[in-house]
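# A look at the structure
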Amino acid sequence: MAAYAPLPILGQDTAAATTAPTYYYGGPEAQPMGFFTDTTICIGCKACEVACKNWNQLPARDGGVGEMSGDSYDNTRRLDGLHWRHVKFVEQFPEEYNGRWLMMSDVCKHCVQAGCLEVCPTGAIIRTEFDTVVIQSDVCNGCRACIAACPFGVIDMNPASGTAQKCTMCYDRISVGLEPACSKACPTDSIQFGTVEDLRERAAQRVEQLRADGVTDAYLYGADADGPLGGLNAFFLLVDEPEVYGLPRNPQMPSRNLIDSAALSTAGAVALGALAAIGLRKQRMDRFAAEEDDVPPPPPDLAP
Amino acid sequence: MSDTWFTAPPDWLLYIVPYFFVGGIAGGSYFLAAVLHWLGRPEDRPVVRIGYIVAAIGAILSGLLLIVDLGRPLRFWHMLLQSERFPLPILKPWSPMSIGSWALFLFGVIATLSAIGVLADERRIRYHGLRVLYDSLAGRVLALFGAAAGFFIAGYTGVLLSVTNRPIWADTEFLGVLFLVSAASTAAALLILLALWRVEADVRGSTVRWLAWFDGWALLLELVVLAFFVISLGSVASVWLSWRGLLLLIVLVFGILVPLVLHFRPVWIAERWRSRPLFTGAVLVLAGGFLLRLVALLASETIHGPHAGIQGAQSLLWP
């Protein structure tokens with residue numbers, strides 16, 4: 001069994017850091033693990049993107065031919081099958097010299113109630129012992145149901161494998177006691193990795209600190225276990241509305257429409273069945289009436 | 001802003017639009033054939049036979065379309081069996097794609113058995129005994145199950161779209177019933193055309209009239225459901241204020257309203273324009289049914305995800 005103790009960070013209380021709990025990975029002691037991404041200290045360096053692509057051997061898009069977005073300093077643009085980490089640049093410039101940048105390293109949220117896992121017909125998407133959500137590439141057949149089901153638009157096809165792919169929270173690393181590549185590479189500790197319980201505590205303290213410093217808009221997105229989707233194991237500290245970061249305010253499970261939609265379809269089927277039977281019955285009654293009245297039958301049809 | 005605005009499109013277009021169309025026709029044809037098989041007269045039998053054969057061809061074609069649409073087509077069987085614990089089955093009743101895969105498989109088997117029964121009955125295949133699959137109590141019981149499975153195939157596709165998080169699809173509960181009613185209508189239209197082509201004029205008369213009558217009422221129902229579909233979208237209905245709305249308008253006018261008039265007023269039309277109202281109406285219904293599915297899929301597929309969300313939110317919050 002592997003163990004991991006976080007390294008002390010410069011400026012932090014060394015004694016507190018060295019007495020921090022030791023996390024055990026794998027086996028029966030496995031705990032829910034997650035990311036806490038503090039967007040206020042993200043500098044947009046994209047080291048996490050590079051580390052992710054490097055560790056997970058994700059190929060370059062379009063064979064490495066660079067394509068500029070043209071309207072943003074961010075050229076990755078979105079999470080997809082080849083980019084499992086993406087630093088979003090939210091460029092808010094209502095006037096030429098009046099604006100701000102918001103940086104957010106986006107990733108799979110590893111939802112406690114995961115829409116992708118719910119709809120996956122092959123069982124390729126599983127929940128691991130770390131409460132993370134992983135797509136098994138050798139089981140996935142590329143039906144893309146998970147892509148449409150994810151409330152965050154995280155999942156995409158990897159053209160190299162022909163399967164749907166996304167962040168695994170470096171399952172291969174964390175199961176041997178290593179930290180995921182992205183959080184390991186993050187130079188500002190904007191991305192922090194640990195047990196969800198511990199991260200929530202740390203995140204709450206950080207929000208308090210920011211508010212005390214005057215950043216009153218600071219709040220946590222997805223840290224509430226009683227919130228949408230039962231909480232997100234990868235949650236964020238934000239300072240603007242979720243929509244500004246491209247995040248849904250109230251992410252929901254795809255199955256919310258299942259019962260109503262199926263009930264309406266069933267009602268439609270019953271109505272059509274009744275309609276078909278009524279039509280035949282009516283035709284029979286018309287025929288009887290015509291026979292009784294000795295009326296000649298109508299023309300076969302109006303076709304040539 | 002709807003929470004569905006922040007998601008990514010699954011690229012269900014090239015093979016999925018034809019699948020929704022063909023699968024709907026297959027399911028609807030089997031249902032109509034089964035109704036005529038149970039409640040119809042001997043004169044209806046040619047159309048019953050055509051319906052079962054259309055259903056079998058449609059079901060097989062549907063399976064092929066779905067397989068080639070997969071990122072890894074050779075893993076199509078992962079939909080039914082657990083690849084890691086072969087041959088244990090996998091079925092997730094709350095996942096429309098999982099239960100739909102099983103339904104299509106079962107429907108394909110039933111429709112093929114019925115079609116084999118028809119071919120044996122017509123002595124087109126050597127084993128005449130196989131006609132029991134069609135012309136017996138067992139054949140009729142099989143038809144009951146096939147009709148249920150057929151309707152499932154016709155409707156689950158819309159339910160599948162609603163059980164996502166995509167704009168339009170997940171913003172309504174009416175897509176399933178819309179596709180179902182449209183499937184019944186397009187199937188009736190195709191059976192009308194095939195009856196006009198393959199069945200003698202003195203035999204097909206009452207069957208074709210029933211199909212046209214049924215198609216007319218199905219179109220009327222489709223009109224009502226389409227209205228509910230658009231209304232149920234709420235603020236997302238603004239997506240129709242674009243080329244998407246124009247396509248939907250074409251479906252409404254040429255795929256529903258004009259065929260309605262053609263079906264309910266055939267004599268009136270024929271007297272004035274010397275046209276073939278049944279034929280024209282059926283062709284328009286088929287084209288409209290295909291376009292309806294194309295619009296329903298394309299309208300959402302062309303809305304791209306989180307980035308669009310940022311831009312949309314910025315214009316919303318930073319005017």
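Residues numbered from 1 in each chain as written. Chains lettered and ligands numbered in written order. Predicted model: local features only at pLDDT ≥ 70, side-chain atom pairs only at ≥ 80, totals over all residues.

Each helix and strand in chain A was counted, giving 8 helices and 12 strands. Here chain A holds 304 residues, and 44% of them are scored as buried. Looking at chain A alone, contacts between residues at least 24 apart form 61% of all its contacts between residues at least 6 apart. (Helix = DSSP H or I, 4+ residues; strand = E, 2+ residues; numbered from the N terminus. Buried ≥ 20, exposed ≤ 12 C-beta atoms within 10 Å, placed from the backbone. Contact = placed C-beta atoms within 7 Å.)

Turning next to the pairing of strand 10 (residues 191-195) of chain A. Residue and element names in this part refer to chain A. Burial analysis of strand 10 places 4 of its 5 residues in the buried class, the great majority of the element. As paired elements, strand 3 (residues 33-38) and strand 10 share 5 bridges and run antiparallel to each other. Note on strand 10: the bridge partner recorded for F36 is Q192. (Pairing = 2+ DSSP bridges.)

Looking at soluble globular proteins, one finds that nonpolar side chains tend to be buried together. Core analysis: the biggest nonpolar cluster contains 179 residues, and C116(A) and C146(A) have the highest contact counts within it. The contacts of C116(A), once residues within four sequence positions are left out, are I125(A), V133(A), C146(A), A149(A), C150(A) and I155(A). (Core = buried A, V, L, I, M, F, W, Y, C linked by C-beta atoms within 7 Å.)

Residue and element names in this part refer to chain B. Contact geometry for helix 7 (residues 243-264) and helix 9 (residues 277-301): axes closest at 8 Å, N-to-C directions at 155 degrees. The pairing of helix 7 with helix 9 is recorded here as roughly antiparallel in orientation. Crossing angle aside, the handedness with which helix 7 passes helix 9 is left-handed. Mapping the contact onto sequence places R244, L247, L248, I250, V251, F254, G255, I256, V258, P259, L262 and H263 in helix 7 and P277, T280, G281, L284, V285, A287, G288, G289, L291, L292, V295 and A299 in helix 9. (Axes fitted to C-alpha atoms, helices over the stretch in contact; angles between N-to-C directions. Parallel < 35°, antiparallel > 145°, perpendicular 65-115°, else oblique. Left-handed = near helix turned anticlockwise from the far one by under 90°.)

With that out of the way, let us pick up the sheet that holds strand 10 of chain A. Within a sheet, adjacent strands bond to each other through the backbone by hydrogen bonds, running parallel or antiparallel. Residue and element names in this part refer to chain A. Taken together, 4 strands build an open sheet; the order of strands is 10-3-12-11 and the sheet is mixed. Each of the sheet's edge strands pairs with one partner strand only, and the pair in question is strand 10 and strand 11 (219-221). Across the sheet, the axes of successive neighbouring strands diverge by a mean angle of 25 degrees, strand direction being ignored. Bridging between strand 3 and strand 12 (residues 234-238) involves 4 bridges; their strand directions are parallel. The residue of strand 12 that forms the bridge with F36 is F235. Taken strand by strand, helix 7 (residues 196-212) contacts strand 3, strand 10, strand 11 and strand 12, and its axis lies near 135 degrees from that of strand 10.

Okay, the interface of chain A and chain B next. By a widely used convention, the size of an interface equals the accessible area lost when the partners come together. Between chain A and chain B, the residue contacts involve 63 residues of the former and 76 residues of the latter. Residue assignment for the side of chain A that touches chain B shows that the elements contributing at least two residues are strand 4 (85-95), helix 3 (115-119), helix 4 (145-149), strand 8 (156-158) and helix 8 (258-293) of chain A. The greatest single-element share of the side of chain A that touches chain B, amounting to 17 residues, is contributed by helix 8 of chain A. For the side of chain A that touches chain B, the class distribution of residues is 34 nonpolar, 19 polar and 10 charged. (Nonpolar A, V, L, I, M, F, W, Y, C, P; charged D, E, K, R; others polar.)

This paragraph deals with helix 4 (residues 137-162) of chain B. Residue and element names in this part refer to chain B. The terminal C-alpha atoms of helix 4 lie 38 Å apart, and with 26 residues this matches the ideal 38 Å at 1.5 Å per residue to within 8%. Taken as a whole, helix 4 carries its principal kink of about 35 degrees at G155. Most of helix 4 is tucked away: 20 of the 26 residues are buried. (Expected span 1.5 Å × (residues − 1). Bend = angle between axes of the 7 residues up to and from the residue.)

Residues and elements named next belong to chain B. Note the cis peptide between F86 and P87, where omega equals 5 degrees. Along the chain, P87 falls in the loop between helix 2 (45-69) and helix 3 (96-121). In this structure, D11 takes a positive phi of about 60 degrees despite not being glycine. With respect to the helices and strands, D11 occurs in the segment before helix 1 (16-39). D11 sits in the partly exposed class, given 16 other C-beta atoms within 10 Å. Despite not being glycine, I168 has its phi angle at roughly 70 degrees, a positive value.

Let's shift gears to the environment of W240(B). Residues and elements named next belong to chain B. With respect to the element layout, W240 can be found in the loop between helix 6 (201-232) and helix 7. Classification of W240 by C-beta neighbours within 10 Å gives partly exposed; the count is 18. Put simply, W240 and T207 are 33 residues apart on the chain and 38 Å apart in space, counted from C-alpha to C-alpha.

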